[in-house]
Amino acid sequence: MNQAATFSPASVRSFIRALPKTETHLHIEGAMPYELLHAWRPSVYPAVAGFHHHDYRFESFPAFDSILLGHALPWFTTAERYYESARLMFAKQVVENVRYVETSFHLPVTQFIRVPGPEIIAAIRSAVPPGLEVRIFAGMLRTDYRGELKSVIDDLENWEDLAGVDLHGFEQVPTEPWTAAVWSRIRQAGKITKCHAGEFDGAHRVREAIELLGVTRIQHGVRAVEDPAVVSLARDRGVTFDVCPISNLRLKVVPTLALHPLRTLKEAGVRCTISTDDPLVFGNTLGDEYCALADEGGFSRADLVDFVRNGWEVADLDAGAKRDWMTEVDRIAQESRVLVTG
């Protein structure tokens, strides 16, 4: 029986809200609450953004990036602005019953606004409310290892409150030779390495991220399904895909959520988590992501529980804390008569 079809949308949303969740793929500049912009400059940023409409589709990554940067960069000019945005962003996540967040800030911004990365990290950390665990990553483009930023990247392993790094931006840009050595050095310092792959380029970029960069956390990864060997590689290496379904839909990586590769990846044994990517542009919440998977993707409540448990499995927490959160997830699922398979 398809549980997604058995329960009303309201009951599904209530069930999703009750589950303690993780968010593991979130760009902090892309997650600033849009209402901050409207309150700041209402004549420039209307109360309702046209690109938040459910049916809106971005014609290309550059078109999306232009809107994202055009809205985010005017705001993020000081460490205090990062604090203000993060404080409201985290408050919204608490309402959604998100208990653990991995978020990245765009490292080149430190050069634009002349604010050191550790100050930005401190500002974000000071905005974290009680009951929420947050890990902060430095995100960078594939072409950023040059100029002043090179020495900054070479020092990242010494940033005490930095959880790790992420390679992002337009994926069709080649991965430069410096990346593998830097990523290896970051891991040797005990930090986490991630890479965006398998979104705007094919399965070979997922293979590259796993075999060349050595990551076990792929941001998106959904186009791995174009090569079954890459899917098997990800499963066998224990790689996690931090998937953002609404982002994939709105950026036309997938035509519909019913045809999203998430089900194929799940059935193949690849661990997948669910996140929002850039709520500033997509107007989404984590609850929206899970509801869309149920309503439009045909995923059952048991499937949703599996995705939630996956997030806790990869969270940067000690084993006891992970076990406690997954026990709570299982308790809620069982009270709702959902078969727990994990």
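Residues numbered from 1 in each chain as written. Predicted model: local features only at pLDDT ≥ 70, side-chain atom pairs only at ≥ 80, totals over all residues. Heavy atoms only, no water.

Participant: Is there a simple way to think about helix α9 (residues 178-188) in this case?
Facilitator: Among all positions in α9, only W178, T179, V182, W183 and I186 are buried. Buried residues of α9, viewed axially, fall in a sector of 120°; they line one side. When the buried face of α9 is taken as reference, the exposed residues oriented beyond 90 degrees from it are A181 and Q188. Taken together, the buried residues of α9 touch β3 (133-141), α8 (148-154), β4 (164-168) and β5 (192-197). Looking one or two residues past α9, G190 carries a phi angle of roughly 90°, positive in sign. (Buried < 20%, exposed > 50% of the residue type's maximum accessible area, 1.4 Å probe, protein only. Helix = DSSP H or I, 4+ residues; strand = E, 2+ residues; numbered from the N terminus. Arc of directions from axis to C-beta. Contact = heavy atoms within 4.5 Å.)

Participant: How do you make sense of the packing of aromatic side chains when you look at a structure like this?
Facilitator: Two aromatic rings, taken as a pair, are described by how far apart their centres are and by the angle between their planes. A complete count under the given rule lists 17 aromatic pairs for this structure. Seen in terms of ring centroids, Y56 and F58 are 5.0 Å apart; in terms of plane orientation they differ by 70°. Their pairing is edge-to-face. Overall, Y56 belongs to the partly exposed group, its relative accessible area being 31%. Judged by its relative accessible area of 1%, F58 falls in the buried class. Between F61 and F170, the aromatic rings sit 5.4 Å apart at their centres with planes inclined by 15°, giving stacked as the arrangement. Taken together, the residues F61 in helix α4 (residues 61-72) and F170 in the loop between β4 and α9 connect sequence positions 109 residues apart. (Phe/Tyr/Trp six-rings, centres within 6.5 Å; stacked < 30°, edge-to-face > 60°.)

Participant: So what exactly am I meant to see when it comes to the confidence of the model for the protein here?
Facilitator: Low-pLDDT portions of the prediction should not be read for the details of their coordinates. This prediction gives the protein a mean pLDDT of 95; 96% of its residues lie at or above 70. Every residue in residues 1-6 is under pLDDT 50, and counting partners more than four places away or in other chains gives ten contacts. (pLDDT = per-residue confidence, 0-100.)

Participant: So what exactly am I meant to see when it comes to a nonpolar patch on the surface here?
Facilitator: Judged by side-chain polarity, L69, L73 and F112 come together as a nonpolar surface patch covering roughly 260 Å² of accessible area. Residue position: L69 is located in helix α4. What makes L69 partly exposed here is its relative accessible area of 34%. (Patch = residues over 30% accessible without salt bridge, like charges linked within 9 Å, V, L, I, M, F, W, Y side chains within 5 Å. Areas by Shrake-Rupley, 256 points an atom, 1.4 Å probe, with all protein chains shown as cover. Salt bridge = Lys/Arg side-chain N within 4 Å of Asp/Glu carboxyl O.)

Participant: Explanation requested: helix α16 (residues 301-314) in the structure shown.
Facilitator: Residues spaced three or four apart along an α-helix point in a common direction, a consequence of the helix completing one turn every 3.6 residues. When the terminal C-alpha atoms of α16 are compared, their 21 Å separation across 14 residues agrees well with the 20 Å that a helix rising 1.5 Å per residue should span. Within α16, 13 of the 14 residues are buried, leaving the element largely enclosed by the surrounding structure. (Expected span 1.5 Å × (residues − 1).)

Participant: Sorry if this is basic, but what is going on with the pairing of β5 here?
Facilitator: Working note: regular strand, side chains alternate between the two faces of the sheet. Counting buried residues along β5, five of its six residues qualify, which places the element largely inside the surrounding structure. Pairing between β4 and β5: four bridges, direction parallel. Paired with D166 across the two strands is K194, which belongs to β5. As for the winding sense of the linkage, the β-α-β connection from β4 through α9 to β5 is right-handed. Sheet analysis places β5 next to strand β6 (residues 217-220), joined by four bridges and oriented parallel. Across the sheet, A197 pairs through a bridge with H220, a residue of β6. (Pairing = 2+ DSSP bridges. Right-handed = clockwise from strand over helix to strand, strands pointing away.)

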